[in-house]
Amino acid sequence: MNIIKCMFCKKPFVSMGGRICPECLEQIDKDFITVRDYIYEHKHSNIDKIAEETEVSKHVILHLLKEGRLIIDGADGGGVLFCESCKKPINTGRMCPACMEKVSNTMNKTVTHEKPAEVKQEQNFKGSAKI
Ligand SMILES: [Zn+2]
Ligand SMILES: [Zn+2]
């Protein structure tokens, strides 16, 4: 067991591996539902507006985005999220799809021998569907 400071409320707690205390986790789950419902109804919102209207802190919204639980609409990710590898704007998670692919390719070199072709097909399909 390990006592660390919660990354949100800074209170020390006994960690089982996470960096967030149980109270904050519970609050974040509630905030997630609030924000998710707000985004359903206001598709092209931005993080400042979401924080203002839902009264959920931007810190929590960013955390949810980085966890991939929320996705920001728009190509530039609302200017709040950037790939941790190449610094390109992204809509969700910690890395852009290109860098994610690079990472997963290096991690499962043995399993992904047929994957690049599949991905390419999917992208072509999406591209032609848009036109
Ligand atoms: Zn906490
Ligand atoms: Zn990237």
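Residues numbered from 1 in each chain as written. Chains lettered and ligands numbered in written order. Predicted model: local features only at pLDDT ≥ 70, side-chain atom pairs only at ≥ 80, totals over all residues.

### Points about the overall build of the protein chain
For clarity, the cut-off: Going along the chain from the N terminus, every DSSP run of H or I of four or more residues is numbered as a helix, and every run of E of two or more is numbered as a strand. Think of it as a crowd count around each C-beta: if 20 or more other C-beta atoms lie within 10 Å the residue is buried, if 12 or fewer it is exposed, and in between it is partly exposed, with C-beta placed from the backbone throughout.
A count of helical and extended segments in the protein chain gives 5 helices and 2 strands. Reading the protein chain from its N end, one meets helices and strands in the order β-β-α-α-α-α-α. Counting across all 131 residues of the protein chain, residues that qualify as buried make up 13%.

### A word on the nonpolar core
Here is the rule we go by: Note on terminology: a nonpolar core is a set of buried residues of type Ala, Val, Leu, Ile, Met, Phe, Trp, Tyr or Cys, with members joined through C-beta atoms within 7 Å. Any pair of residues counts as being in contact when their C-beta atoms, constructed from backbone geometry, are within 7 Å of one another.
Core analysis: the biggest nonpolar cluster contains 12 residues, these being Val35, Ile50, Val56, Val60, Ile61, Leu64, Leu65, Leu70, Ile72, Leu81, Ile90 and Cys96. For this core, the element with the highest residue contribution is helix H3 (residues 58-66), accounting for 4 residues. Apart from residues lying up to four places away in sequence, Leu70 is in contact with Val35, Arg36, Ile39, Ile61, Leu64, Leu65 and Thr92.

### Digging into H3
Just so we agree on the cut-off: Think of the arc as the fan of directions from the helix axis to the C-beta atoms.
Of the residues making up H3, those classed as buried are Val60, Ile61, Leu64 and Leu65. For H3, the buried positions fall inside an angular range of 140 degrees around the axis, keeping them on one side. Where H3 is buried, its residues touch helix H1 (22-41) and helix H2 (47-54). In the stretch just after H3, Gly68 is the one whose phi turns positive, near 80 degrees.

### Considerations on the environment of Arg69
Following the sequence through the fold, Arg69 ends up in the loop between H3 and helix H4 (97-107). As for Arg69 and Gly93, which are separated by 24 residues in sequence, their C-alpha atoms are 8.1 Å apart. For Arg69, the contacting residues outside a window of four places in its chain are Phe32 and Leu64.

### As for the pairing of strand S2 (residues 12-15)
Rules: Two strands qualify as a pair provided DSSP detects at least 2 bridges between them.
Both strand S1 (residues 2-5) and S2 contribute to a ladder of 4 bridges, which runs antiparallel. Directly across from Ile4, in S2, lies its bridge partner Phe13.

### Considerations on the environment of Ser85
By the secondary structure assignment, Ser85 is in the loop between H3 and H4. Residues Ser85 and Ala98 lie 13 residues apart in sequence; the distance between their C-alpha atoms is 9.9 Å. Not counting residues within four places of it along the chain, the set of residues in contact with Ser85 comprises Met95 and Cys99.

### A few points about the confidence of the model for the protein chain
Definition in use: Confidence per residue, as judged by the predictor, is encoded in pLDDT with a range of 0 to 100.
Across the protein chain, the average pLDDT comes to 82, with 79% of residues at or above 70. Taking the mean pLDDT of every element in the protein chain, the minimum, 46, falls on helix H5 (residues 115-130) and the maximum, 96, on S2. Ignoring residues within four places in sequence, the model shows residues 117-131, a span with pLDDT below 50, making 0 contacts including any to other chains.

### A look at unusual backbone geometry
The phi angle at Lys10 is positive, at roughly 65 degrees, despite the residue not being glycine. Note that Lys10 resides in the loop between S1 and S2. Of note in this structure, Glu55 is not a glycine but carries a positive phi near 60 degrees. Looking at Glu55, the number of C-beta atoms within 10 Å reads 9, which means it is exposed.

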